[in-house]
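Observations on the model geometry
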Amino acid sequence: FLSTQGWLVVGEKFDRGLEYNSQDIVCSLFNKIVKKLIKLKDGNLQDSEYSQRAANALSESLDAARLCSLVEYLPSIRDLISDAEFDANPSNTIESNLSHWKLVYLLTRFINALLKLGRPMVLVLDDFQWA
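Reference entry: report on the structure contained in this document. (Residues numbered from 1 in each chain as written. Predicted model: local features only at pLDDT ≥ 70, side-chain atom pairs only at ≥ 80, totals over all residues. Heavy atoms only, no water.)

What follows concerns the pattern of salt bridges. A full pass over the atoms with the stated rule returns two salt bridges. Among the ionic pairs, Arg119 bridges to Asp47, the shortest N-O distance being 2.9 Å. Of this pair, Arg119 sits in the loop between helix 6 (100-115) and strand 2 (121-126) while Asp47 is found in helix 2 (residues 45-61), placing the two residues 72 residues apart along the sequence. Asp47 matches Arg119 in its accessibility class, with the two residues each being buried. Ionic pairing is found between Asp63 and Arg66, a salt bridge with its closest N-O pair at 3.0 Å. With a relative accessible area of 38%, Asp63 lands in the partly exposed category. Assessed through its relative accessible area of 31%, Arg66 is described here as partly exposed. (Salt bridge = Lys/Arg side-chain N within 4 Å of Asp/Glu carboxyl O. Helix = DSSP H or I, 4+ residues; strand = E, 2+ residues; numbered from the N terminus. Buried < 20%, exposed > 50% of the residue type's maximum accessible area, 1.4 Å probe, protein only.)

Structure follows, in structure tokens:
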């Protein structure tokens, strides 16, 4: 219901007995957000405009070096943001292997940029107790 009302709804399901890496879980969820934004490009005018505004907001919120670092964890960003300076080599600008706190910082900037656009968002972690 929420997605039909303009909300951005994304979820991740966990199975009992499987081992999960918490960083992979979080990155998978955020990558789904990006893929949903890409899919909105082909939607109605309002969704298409929102997708473009989201891409612009992410570009403005994170400089090219940080976007290049983040793309290692959220590869779909390349399909959302088509910017020439995005092709910079992250190993030359920010260390390639992000620490936990750097990733938290980048994902926080990512989510803040999207929330400032005014569209509500729901992140669902189903059966998270198994993770």
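This part covers the packing of aromatic side chains. With the rule as written, the count across this model stands at one aromatic pair. Consider the rings of Phe30 and Phe110, whose centres lie 5.4 Å apart with planes at 70°: the pair is edge-to-face. Of this pair, Phe30 sits in helix 1 (residues 22-40) while Phe110 is found in helix 6, placing the two residues 80 residues apart along the sequence. Residues Phe30 and Phe110 agree in their burial class; the two are buried. Looking at Arg119, its charged tip hangs above the ring of Tyr50, at a distance of 4.3 Å from the centre. (Phe/Tyr/Trp six-rings, centres within 6.5 Å; stacked < 30°, edge-to-face > 60°. Lys NZ or Arg CZ within 6 Å of the ring centre and 35° of its normal.)

Now for the environment of Arg109. Turning to its location among the elements, Arg109 is positioned in helix 6. Once the C-alpha coordinates of Arg109 and Ser61 are considered, the two residues, 48 residues apart in sequence, prove to be 6.5 Å apart.

Between helix 1 and helix 6, whose axes approach to 12 Å, the crossing angle comes to 30°. Taken together, the axis directions place helix 1 and helix 6 in an arrangement best described as roughly parallel. The hand of the helix 1/helix 6 crossing is left-handed. Taken together, the residues of helix 6 that come into contact with helix 1 (itself represented by Gln23, Val26, Cys27, Phe30, Ile33, Val34 and Leu37) are Leu103, Leu107, Phe110, Ile111 and Leu114. Looking at the contact of helix 1 with helix 6 residue by residue, the class counts come to eleven nonpolar, one polar and no charged. (Axes fitted to C-alpha atoms, helices over the stretch in contact; angles between N-to-C directions. Parallel < 35°, antiparallel > 145°, perpendicular 65-115°, else oblique. Left-handed = near helix turned anticlockwise from the far one by under 90°. Contact = heavy atoms within 4.5 Å. Nonpolar A, V, L, I, M, F, W, Y, C, P; charged D, E, K, R; others polar.)

Here we come to the nonpolar core. Residues Ile33, Leu37, Leu70, Leu74, Ile77, Phe110 and Leu114 are the most contacted members of the largest nonpolar core, which totals 31 residues. For this core, the secondary structure elements donating two or more residues are strand 1 (8-13), helix 1, helix 2, helix 3 (64-71), helix 4 (77-80) and helix 6. Look past the residues within four positions of Ile33 in its chain and what remains in contact with it is Leu8, Val10, Phe110, Ile111, Leu114, Met121 and Leu123. (Core = buried A, V, L, I, M, F, W, Y, C linked by side-chain atoms within 4.5 Å.)

Read these as spatial facts, not as claims about activity.
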